[in-house]
Amino acid sequence: QVQLVESGGGLVQPGGSLRLSCTASGSIFSAYVMGWYRQVPGKQRELVATITSGGSTNSADSVKGRFTISRDNAKNTVYLQMNSLIPEDTAVYYCNAAFFGLGRKDYWGQGTQVTVSS
């Protein structure tokens, strides 16, 4: 079991920046692939970016060049640096921890609202 707590969401103007943080507890952080997903009402949750314990990253085309995912295994924390925000980035952002054993097991944070608006 792992518990995830997100922070850092809020209201920002277009072109601005935010950094989301997600701190994990209750298990071995380095055993998990960490990720950020987002969801808007009426749509499916979508992948934003993921990062392995070794630092390999993957991100959605819509955020490439603007968002950067990173992790600090010593602090059990994953970050999402979001730059050049646009209104279409408005969503609830969820932290995810994925454990790959016999199958995949997902854990989710409670979500943090990001609103991009002037």
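Keep in mind that what you see is a predicted model, and the values were worked out from it rather than measured.

What to know about the pattern of salt bridges
Okay, step 1: Overall, the coordinates contain 5 salt bridges when judged by the stated rule.
Okay, step 2: Between Lys64 and Asp61 there is a salt bridge, with the nearest N and O atoms lying 3.3 Å from each other.
Okay, step 3: Residue Lys64 is classed as partly exposed on the basis of its relative accessible area of 46%.
Okay, step 4: Look at Asp61 and you get exposed, because its relative accessible area is 67%.
Okay, step 5: Ionic contacts of the salt-bridge type, sharing partners, join the residues Arg38, Glu46, Arg66 and Asp89 into one network.

Regarding the state of the cysteines
Okay, step 1: One pass over the structure, following the stated rule, counts 1 disulfide.
Okay, step 2: Linked covalently through their sulfurs, Cys22 and Cys95 form a disulfide whose S-S length is 2.1 Å. Across the S-S bond of Cys22 and Cys95 the torsion is about -80 degrees, and the bridge reads as left-handed. On the criterion of sequence distance, the pair formed by Cys22 in strand E3 (residues 18–25) and Cys95 in strand E9 (residues 91–100) is long-range, its members being 73 residues apart.
Okay, step 3: Classification of Cys95 by relative accessible area gives buried; the value is 0%.

A short note on the sheet that holds strand E8 (residues 77–82)
Okay, step 1: Read from one edge to the other, the open sheet built from 4 strands follows the order E1-E3-E8-E7, with strand pairing classed as antiparallel. Lying at the two open borders of the sheet, with one neighbouring strand each, are strand E1 (3–7) and strand E7 (67–72). Strand-to-strand twist across the sheet, computed as the mean angle between neighbouring axes with direction ignored, equals 15 degrees.
Okay, step 2: Where E1 lies against E3, 5 bridges are found, and the strand directions are antiparallel. Residue pairing in the sheet places Leu4 in a bridge with Ala24 of E3.

Quick notes on the nonpolar core
Okay, step 1: Counting 29 residues, the largest nonpolar core has Leu4, Met34, Trp36, Val78, Leu80, Met82 and Tyr93 as its most contacted members.
Okay, step 2: For this core, the secondary-structure elements that each account for two or more residues are E3, strand E4 (33–39), strand E5 (46–51), E7, E8, E9 and strand E11 (112–116).
Okay, step 3: Once residues lying within four places of it in the same chain are set aside, the contact partners of Leu80 are Leu18, Arg19, Leu20, Trp36, Val48, Ala49, Phe67, Thr68, Ile69 and Tyr93.

A short note on the pairing of strand E10 (residues 104–108)
Okay, step 1: Of the pairings in the sheet, the one linking E9 to E10 comprises 5 bridges and is antiparallel in character. Its bridge partner lying in E10, Phe99 is registered against Lys105.
Okay, step 2: Between the end of E9 and the start of E10, which pair antiparallel, lie 3 residues.

With respect to the environment of Val12
Okay, step 1: The topology assignment puts Val12 in strand E2 (residues 10–12).
Okay, step 2: The sequence separation of Val12 and Val114 amounts to 102 residues, and the corresponding C-alpha distance is 7.8 Å.
Okay, step 3: If we ignore the near neighbours within four places in the chain, the residues touching Val12 are Ser17, Leu18, Leu85, Thr115, Val116 and Ser117.

Describing the packing of aromatic side chains
A ring pair, where both rings are aromatic, is described by two values, the distance of the centres and the angle of the planes.
Okay, step 1: Scanning all chains against the criterion turns up 3 aromatic pairs.
Okay, step 2: For the pair Tyr37 and Trp108, a centre-to-centre distance of 5.1 Å together with 75 degrees between the ring planes defines the contact as edge-to-face. Here the residue Tyr37 occupies a position in strand E4, and Trp108 occupies one in strand E10, the gap between them amounting to 71 residues.
Okay, step 3: Look at Trp108 and you get partly exposed, because its relative accessible area is 36%.
Okay, step 4: These aromatic residues form a ring-pair network of at least three members: Tyr32, Phe99 and Tyr107.
Okay, step 5: The ring of Phe29 has Arg71 lying over it, and the distance from NZ or CZ to the ring centre is 4.5 Å.
Okay, step 6: Against the face of Tyr107 rests Lys105, its NZ or CZ located 5.6 Å from the ring centre.

The rules behind the values
- Note on numbering: residues in each chain are counted from 1, in written sequence order.
- This being a predicted model, a pLDDT of at least 70 is required before a residue's local features are given, and a value of 80 or more before pairs of side-chain atoms are given or counted; all residues contribute to the totals for chains, interfaces and linings.
- With hydrogens and water stripped out, all remaining heavy atoms of the structure feed into the side-chain values.
- The salt bridge definition used is simple: a Lys or Arg side-chain nitrogen within 4 Å of an Asp or Glu carboxyl oxygen.
- Relative accessibility under 20% of the residue-type maximum defines a buried residue, over 50% an exposed one, and the middle range a partly exposed one, all with a 1.4 Å probe and only protein chains included.
- Defined by distance alone, a disulfide is two cysteine sulfur atoms within 2.5 Å.
- Each helix is a run of DSSP H or I of at least 4 residues and each strand a run of E of at least 2, with the numbering of both proceeding from the N terminus.
- A pair of strands is considered paired only if DSSP assigns at least 2 bridges between the two.
- Fitting a line to C-alpha atoms yields each axis, with helices limited to the stretch in contact; the angle taken between N-to-C directions then spans 0 to 180 degrees.
- By convention a nonpolar core is built from buried Ala, Val, Leu, Ile, Met, Phe, Trp, Tyr and Cys residues, the set being connected through side-chain atoms within 4.5 Å.
- Note on contacts: a residue pair is in contact if any heavy atoms of the two residues lie within 4.5 Å.
- Pairing of aromatic side chains requires ring centres within 6.5 Å, counting the rings of Phe and Tyr and the six-membered ring of Trp. Pairs whose planes differ by under 30 degrees are stacked, by over 60 edge-to-face, and all others tilted.
- In this analysis the charged atom, NZ for Lys or CZ for Arg, is taken to sit over a ring once it is within 6 Å of the ring centre and within 35 degrees of the ring normal.

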